Amino acid sequence: MAGHGLTRATTAVRVLDLLRANGTLSRVELAERVELTPATITNAVRRLIDAGLVREVGRDPQQGRGQPRRLLELDAGAWYSVGIQIDRTTTTIVVVDFAGTRIASAGLRGTGAVGPESTVLALAEHVGSLLRRAGVPRERVLGVGLVTHGPQDRERGVLLTAQPGPEWMEFPLTASLSDLLGLPVLLENDADAAAFGEFWAGALPTDTFGLVYMGSGIGGGVVVDGEVYRGRASNAVEIGHVALNGGEAPCVCGNRGCAQAEAGPQAVVAQVLADSSLAERFGVEGRPDGTLADFDRIARAWRSGDREATGLLERSARWIGQAAVALVNLFDLDTVVLAGPAFVIAGPLYREHITAELERSALSRVLHRPQVHVSSNVDIAAATGGALHVLRTLSVGARVPRSRAEADLN
Ligand SMILES: [Zn+2]
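About the cut-offs
Residues numbered from 1 in each chain as written. Predicted model: local features only at pLDDT ≥ 70, side-chain atom pairs only at ≥ 80, totals over all residues. Axes fitted to C-alpha atoms, helices over the stretch in contact; angles between N-to-C directions. Helix = DSSP H or I, 4+ residues; strand = E, 2+ residues; numbered from the N terminus. Parallel < 35°, antiparallel > 145°, perpendicular 65-115°, else oblique. Left-handed = near helix turned anticlockwise from the far one by under 90°. Contact = placed C-beta atoms within 7 Å. Nonpolar A, V, L, I, M, F, W, Y, C, P; charged D, E, K, R; others polar. Pairing = 2+ DSSP bridges. Right-handed = clockwise from strand over helix to strand, strands pointing away. Buried ≥ 20, exposed ≤ 12 C-beta atoms within 10 Å, placed from the backbone. Domains from an automatic or database assignment. Expected span 1.5 Å × (residues − 1).

Moving on to the packing of helix H2 (residues 27-34) against helix H3 (residues 38-50). Their axes nearest at 9 Å, the elements H2 and H3 cross at an angle of 115°. On the basis of the axis angle, H2 is roughly perpendicular to H3. The crossing of H2 and H3 is right-handed. Residues Arg27, Val28, Leu30 and Ala31 of H2 touch H3, and the partners they reach there are Pro38, Ile41, Thr42 and Val45. For the contact of H2 with H3, a count of residues per class yields six nonpolar, one polar and one charged.

Here is the structure:
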């Protein structure tokens, strides 16, 4: 892997990215967007059409003079992929087609209460039944993107952490799931997956932005010129482990005062559990695999106007705002996206307070006013990004099964 952390995609991959994000484009528009000559684009497009990945779909009626340009789009049925996001409190599985459209999804319990062997067995079963229900033939599935928290070794497909329990450390996650499914499995970081999922969904007006990911823990990602910044080994931008001013709480990483330890969902739930009357009022249970459900209960109390719930979440949001300031200052960003299941209900509150922190203390705020967005698919962004990552990584060079009718009969 390149030492500077940013790998430039090939022309073919960039063409596929643009068509996935925009639906249809002409060759001229593609050439303008990737800043290459029309001849280079024409060659790349010809190879993609021959490979069965791209097709022509009529002409652009908007054009005034001359021959209208032919429009191109992805062949949505060329390939499918599966994205699985596992977390201690929830598991999400999505199936997407080659155009990136979600055609099936399922939500399951988290991994906090079961070990990796049973998790992998259950995942293989659920993926199989989801594909059958969606009517997707196995030979059209390019692979599976398995999305988890970090730190992780993506090349070996193992987690380098004893979270959620010691048996997860170095367990051969991708190898065992791949054996059971008979499909390639790529390991991916949850925040990175959410970041490129957001970018490839075409939901943002910029190709350089930061992302704060909040599941039971807190992660971060940065997309630079349309590419995820990977760092040395894909464990970059761990903003959950930025130590904050005045923070003291001990963290799983060994440091003190990390954003995750001070302000993550587990910390907020622990603050509520410390006060039994609050815990009872919000219905917070404190089960080890129930952190996000408990966090949602606190967020619902905020939404119905509870003052204590508001105070707790605002405190958390201000801490995370500090971490966002570090993220923006390090990468000179003007856009931050919030993604992950913890933002499903509380997203607007976090957006407001993180924006306020950035407007108060981001160094470059005078030059470009910081914008904070809640992700367009906040709870499934990471699973969707994992599925898209598979399409992007494995489709160029793979041979599309020749006869669709024949394939669909199986
Ligand atoms: Zn930490």
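Still more to cover.
A separate point is the pairing of strand E15 (residues 371-374). Bridge count for strand E14 (residues 335-339) against E15 is four bridges, and the pairing is parallel. The partner of valine 336 across the bridge, within E15, is valine 372. As a crossover connection, the stretch from E14 through helix H12 (residues 343-361) into E15 is right-handed.

Another aspect to go through is the sheet that holds strand E4 (residues 80-86). Taken together, the five strands give an open sheet; going across it, the order is E6-E5-E4-E7-E10, and neighbouring strands pair in mixed fashion. What marks the edges here is a single partner per strand, and that holds for strand E6 (102-109) and strand E10 (185-189). Neighbour-to-neighbour, the strand axes of this sheet turn through a mean angle of 20°, independent of strand direction. As paired strands, E4 and strand E7 (residues 141-148) are joined by five bridges and run parallel to one another. Residue isoleucine 84 lies in a different strand from E7, and its bridge partner there is leucine 146. Seen against the sheet, helix H5 (residues 173-181) touches E7 and E10 and runs at an angle of roughly 145° to E10. Here helix H13 (residues 381-394) sits on the sheet and contacts E4, strand E5 (90-97), E6, E7 and E10; the angle it forms with E7, its principal contact strand, is near 135°.

Attention shifts here to helix H6 (residues 190-200). In terms of burial, H6 is a largely internal element, 11 of the 11 residues being buried. Those residues of H6 not exposed but buried are Asp190, Ala191, Asp192, Ala193, Ala194, Ala195, Phe196, Gly197, Glu198, Phe199 and Trp200. Residue glycine 202 follows H6 closely and has a positive phi angle near 70°.

An order of E1-E3-E2 is seen for the three strands of this open sheet, with the pairing classed as antiparallel. Looking along the sheet, the strands with just one partner apiece sit at the ends: strand E1 (25-26) and strand E2 (54-59).

Moving on, we get to the domain arrangement of the chain. Domains assigned within the chain are domain 1 (11-74), domain 2 (80-194 + 383-409) and domain 3 (205-375). On a C-alpha basis, the centres of domain 1 and domain 3 stand 39 Å from each other.

With that settled, the discussion passes to helix H10 (residues 291-303). Along its 13 residues, H10 runs 18 Å from first to last C-alpha, staying within 8% of the 18 Å computed at 1.5 Å per residue. Within H10, 10 of the 13 residues are buried, which leaves it mostly tucked inside the rest of the structure. Considering only its buried residues, H10 is in contact with E5, helix H8 (265-273), helix H9 (276-282), helix H11 (307-331) and H12. Just downstream of H10 lies glycine 305, where phi reads positive at about 95°.

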